[in-house]
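Take a look at the letters that make up each chain.
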Amino acid sequence: FLFCCSILNKAVVSTQSTGGVTEEPLDGVEESPQEKVVVPEENEWVEILGNGSLKRKVTKQGTGENLVKGQLVKIKYSLMLSDGNVVDKDVEQVFQLGDGEVIAAIDLTANLAKVGELYEVMAQARFAYGTLGRPPKIGSNCGVLLVVEVIGAEDVPQIEDLSEEERMMIGDRKRKIGNDNFARFDYEAASTNYRGACSYLDPPSYKVVGEASEEMKDLQTKSWCNLALSELKQSKSDSGLTAINRALEIQPKSTKALYRKGKLLQEKGEYEEAEKCLKQALQLEPDNAGCKQFLKELTSAIIKSKQRQQRMYKKMFNLEDQKEATPTTEKEGATWLEGAIPMIAGAVAVGALAVAAYGGIKGMMQ
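Residues numbered from 1 in each chain as written. Predicted model: local features only at pLDDT ≥ 70, side-chain atom pairs only at ≥ 80, totals over all residues. Heavy atoms only, no water.

Caption draft 1: Quick look at the overall build of the protein chain. Of regular secondary structure, the protein chain possesses eleven helices and six strands. With 366 residues in all, the protein chain has 37% of them scored as buried. Long-range pairs, those at least 24 residues apart, make up 62% of the contacts in the protein chain with a sequence separation of at least 6. Element-wise, carbon and sulfur atoms account for 54% of the exposed surface of the protein chain, whose accessible area totals about 22000 Å². (Helix = DSSP H or I, 4+ residues; strand = E, 2+ residues; numbered from the N terminus. Buried < 20%, exposed > 50% of the residue type's maximum accessible area, 1.4 Å probe, protein only. Contact = heavy atoms within 4.5 Å. Areas by Shrake-Rupley, 256 points an atom, 1.4 Å probe, with all protein chains shown as cover.)

Next comes the structure, spelled out in structure tokens:
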């Protein structure tokens, strides 16, 4: 990693004079994270978390105060893999510190830096692109080496102090970062950035004044819809429904929002409610092939669901056994009646004779 760092900084390293021995972190008295952060020594690796998974080394001191979470930071960075392969070279990026817009290897180390500082980072895969990687250049579980230069930083005003145009700029940047996360299947990071986008594009009404423009409403709907889909991918249907319902409040006639609400309801097993959403979507766009196919699937699912319910109820109340037993019972009942009729007739005759005899005896006694 150190050799890779030197390449990125365009410094010449001679392994002949050192016998190939690389510089190691100094052993000695254990320092607290605060002591290491406040007074970092140049060319000394500092463990950020104390377990060797994330290290930082200052190669050029900056000026002023450390960067603060929430600031809008501009950096230039290069990224290399442990095998020496340079993936990104001198890439400039603007991000809001501590808001999940960049990989953790940058987000967790930039707040220790100052403007003008140049530093290196060695990070395990979980602080970079994790098990998902960043195909095709970065595979799964790849550690990374970064060289970061902090170009500038500025405070971001409170949402209520921003104009609609400024809120749109910040919100749309976060939305696009969320799209990048989604494209590489990092749905958790995507949701984080979509939520961030919505917080600027669609804040509570008490923080903004006036009606949103049509352009703003379009961005609001896109961001809420994307958040709903990202939550669906994580099987978080309840939070997804909250997001998509907000999208439909903004644009009730959004076919995409109705379609995604149908998907979320399907996930919850509420097929008939999902079917209503799709029928409503098809009223808006009768030729939408995706909606037609989904509605067909829902109709089939509803039929199968009802059939399962019927079988369950029959089983619960033993209706199937009764149905099979009914013909035999009727036959047995008929046979019994046939044998009982003569017996009943005989009993009636005997009863009549007894009554007559009783009447005659009674008359004689009077």
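Caption draft 2: Layout of helix α7 (residues 237-250). Over its 14 residues, α7 runs 20 Å from end to end, which matches the ideal 20 Å to within 8%, given 1.5 Å per residue. Turning to α7, its buried residues number three or more, namely S237, G240, L241, A243, I244, A247, L248 and I250. On its buried face, α7 is in contact with α6 (214-233) and α8 (255-267). (Expected span 1.5 Å × (residues − 1).)

Caption draft 3: Molecular detail of the sheet that holds strand β4 (residues 86-96). As summarised here, the arrangement of the six strands in space is β1-β2-β5-β6-β3-β4, forming an open sheet in which the pairing is antiparallel. Two strands close off the open sheet at either side, each with one partner strand: β1 (46-47) and β4. When strand β2 (residues 54-60) meets strand β5 (residues 118-123), the two strands line up antiparallel, connected through six bridges. Within β5, the residue paired with K55 across the bridge is M122. (Pairing = 2+ DSSP bridges.)

Caption draft 4: Structural context of the packing of helix α4 (residues 164-183) against α6. Contact geometry of α4 with α6 gives a least axis separation of 10 Å together with a crossing angle of 30 degrees. One element, α4, and the other, α6, form an angle in the roughly parallel class. As α4 packs across α6, the resulting crossing turns out to be left-handed. Packed against α4, whose contacting residues are E164, R167, M168, D172, R175, N179 and F182, the element α6 presents E215, M216, L219, K222, S223, N226, L229, S230 and K233 at the interface. Classifying every residue of the contact of α4 with α6 gives five nonpolar, four polar and seven charged. (Axes fitted to C-alpha atoms, helices over the stretch in contact; angles between N-to-C directions. Parallel < 35°, antiparallel > 145°, perpendicular 65-115°, else oblique. Left-handed = near helix turned anticlockwise from the far one by under 90°. Nonpolar A, V, L, I, M, F, W, Y, C, P; charged D, E, K, R; others polar.)

Caption draft 5: Focus on the nonpolar core. Judged by nonpolar contacts, the single largest core of 29 residues is most densely connected at L79, F95, I103, A105 and L146. Sorting the residues of this core by element identifies β3 (72-81), β4, α3 (104-110), β5 and β6 (144-154) as the ones contributing at least two each. Tallying contributions element by element places β3 first for this core, with five residues. Setting aside chain neighbours within four positions, we find F95 in contact with Q71, L72, V73, I75, E101, V102, I106, D107 and A110. Within the second largest apolar cluster, 27 residues are counted, among which are A243, A257, C277 and A281. (Core = buried A, V, L, I, M, F, W, Y, C linked by side-chain atoms within 4.5 Å.)

Caption draft 6: How the structure looks around the pattern of salt bridges. Within the structure shown, the criterion is met by 19 salt bridges. Residue D218 pairs with K222 through a salt bridge whose shortest N-O separation is 3.3 Å. Of this pair, D218 and K222 both sit in helix α6, separated by four residues, roughly a single helical turn. Among the residues examined, D218 registers a relative accessible area of 32% and is labelled partly exposed. One connected set of salt bridges, linked through shared partners, spans D99, E101, R173 and K174. (Salt bridge = Lys/Arg side-chain N within 4 Å of Asp/Glu carboxyl O.)

Caption draft 7: Quick look at a nonpolar patch on the surface. On the surface, a nonpolar cluster with roughly 450 Å² of combined accessible area is contributed by M312, Y313, M316 and F317. Summarising the element assignment, M316 is placed in helix α10 (residues 289-316). Relative accessible area serves as the criterion here: at 53%, M316 is assigned to the exposed category. (Patch = residues over 30% accessible without salt bridge, like charges linked within 9 Å, V, L, I, M, F, W, Y side chains within 5 Å.)

Caption draft 8: Expanded view of the environment of K207. Here K207 is to be found in the loop between α5 (187-201) and α6. What makes K207 partly exposed here is its relative accessible area of 26%. Taking the C-alpha atoms as reference points, K207 and D161, 46 residues apart in sequence, are found 8.6 Å from one another.

Caption draft 9: Structural view of the packing of aromatic side chains. Counting across every chain of the model gives three aromatic pairs. Here F185 and Y187 contribute two aromatic rings whose centre-to-centre distance is 6.4 Å and whose plane-to-plane angle is 75 degrees, an arrangement assigned as edge-to-face. The exposure class assigned to F185 is exposed, which follows from its relative accessible area of 54%. You can call Y187 buried: its relative accessible area is 18%. Taken together through their ring pairs, the aromatic side chains of F182, F185 and Y187 make up a single cluster. A cation over a ring is seen here: R56 above Y119, with NZ or CZ 4.4 Å from the ring centre. K263 extends its terminal NZ or CZ atom over the ring of F294, reaching a point 4.2 Å from the ring centre. (Phe/Tyr/Trp six-rings, centres within 6.5 Å; stacked < 30°, edge-to-face > 60°. Lys NZ or Arg CZ within 6 Å of the ring centre and 35° of its normal.)

From the geometry alone we can't say anything about function, so treat these as descriptive.
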